[in-house]
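One-letter residues, chain by chain:
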Amino acid sequence: SPKQVAIQISDLGGGIYYKHTDRIWEYLFSTDEQGSDLLQVEEDWASVSYTGMGLPLCRNYVEYLGGSFSLMSVPGIGTDAYIYLNRIDAGRIDSLRDL
């Protein structure tokens, strides 16, 4: 059986331009002008879109679990996120709940 699980997440949100690639892992950095609005409430639904929290948090969680996280983006088109996690035995799943 494979030793890793691969997850690919794709979007057509316009991609990430090269000039932003050094900063996308910084908390609170957003490529969108709405990024200054840390919390928007619309119709009883709290949106944290464009806060600059998503990519850094995802990468930190994945790395904490011993995996890796990478992006491939085409400006003007979209972005693919790749998450690679090591497989664990079914017996170890309960120990993860204690983290």
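See the structure printed just above.
Residues numbered from 1 in each chain as written. Predicted model: local features only at pLDDT ≥ 70, side-chain atom pairs only at ≥ 80, totals over all residues. Heavy atoms only, no water.

Let's shift gears to the overall build of the protein. Scanning the protein from terminus to terminus reveals two helices and five strands. Along its sequence from the N terminus, the protein presents helices and strands in the succession β-β-β-α-β-β-α. When burial is assessed residue by residue, the protein has 20% of its 99 residues classed as buried. A separation threshold of at least 6 residues defines the contact pool for the protein, and within that pool the share at least 24 residues apart is 56%. Carbon together with sulfur atoms contributes 54% to the accessible area of the protein, which is approximately 7,700 Å² in total. (Helix = DSSP H or I, 4+ residues; strand = E, 2+ residues; numbered from the N terminus. Buried < 20%, exposed > 50% of the residue type's maximum accessible area, 1.4 Å probe, protein only. Contact = heavy atoms within 4.5 Å. Areas by Shrake-Rupley, 256 points an atom, 1.4 Å probe, with all protein chains shown as cover.)

Let us now look at the layout of surface pockets. If you add up the space inside the largest pocket, you get close to 780 Å³. Lining the largest pocket we find 25 residues, and of these Asp11, Ile16, Thr31, Tyr50 and Leu55 sit closest to its centre. Only β1 (4–11), α1 (54–64), β4 (68–74) and β5 (78–86) provide two or more residues apiece to the lining of the largest pocket. Grouping the amino acids of the lining of the largest pocket by side-chain chemistry returns 13 nonpolar, nine polar and three charged. (1 Å grid on protein atoms, 1.4 Å probe; cavity = no way out; pocket = protein on both sides within 12 Å on 5 of 7 lines; lining within 4 Å. Points joined across faces, edges and corners; volume = space filled by probe spheres on them. Nonpolar A, V, L, I, M, F, W, Y, C, P; charged D, E, K, R; others polar.)

For the rest of this paragraph, the subject is the sheet that holds β5. Overall, antiparallel pairing links the three strands, which are arranged β1-β5-β4 in an open sheet. The sheet is open, and its two edges are formed by β1 and β4, each paired on a single side. Along the sheet, successive strands turn relative to each other by an average axial angle of 15°, direction set aside. Across the sheet, α1 is in contact with β4 and β5; its angle to β4 comes to roughly 145°. (Pairing = 2+ DSSP bridges. Axes fitted to C-alpha atoms, helices over the stretch in contact; angles between N-to-C directions.)

What follows deals with the pairing of β4. For β4 and β5, the ladder comprises seven bridges, and the chain directions are antiparallel. Looking at β5, one finds that Ser70 is bridged to Tyr82. The hairpin formed by β4 and β5 contains three residues between the paired strands, and Gly76 there has a positive phi angle of roughly 85°.

Another aspect to go through is the side chain of Thr79. With respect to the secondary-structure elements, Thr79 resides in strand β5. Of the residues examined, Thr79 reaches a relative accessible area of 10% and is grouped as buried. For Thr79, the side chain forms a polar contact with the side chain of Ser73, separated by 2.8 Å. With near-sequence residues (within four places) excluded, Thr79 lies in contact with Ile9, Ser10, Asp11, Gly15, Ile16, Leu71, Met72 and Ser73. (Polar contact = N/O pair within 3.5 Å; in protein donor to acceptor, adjacent residues only side chain to side chain.)

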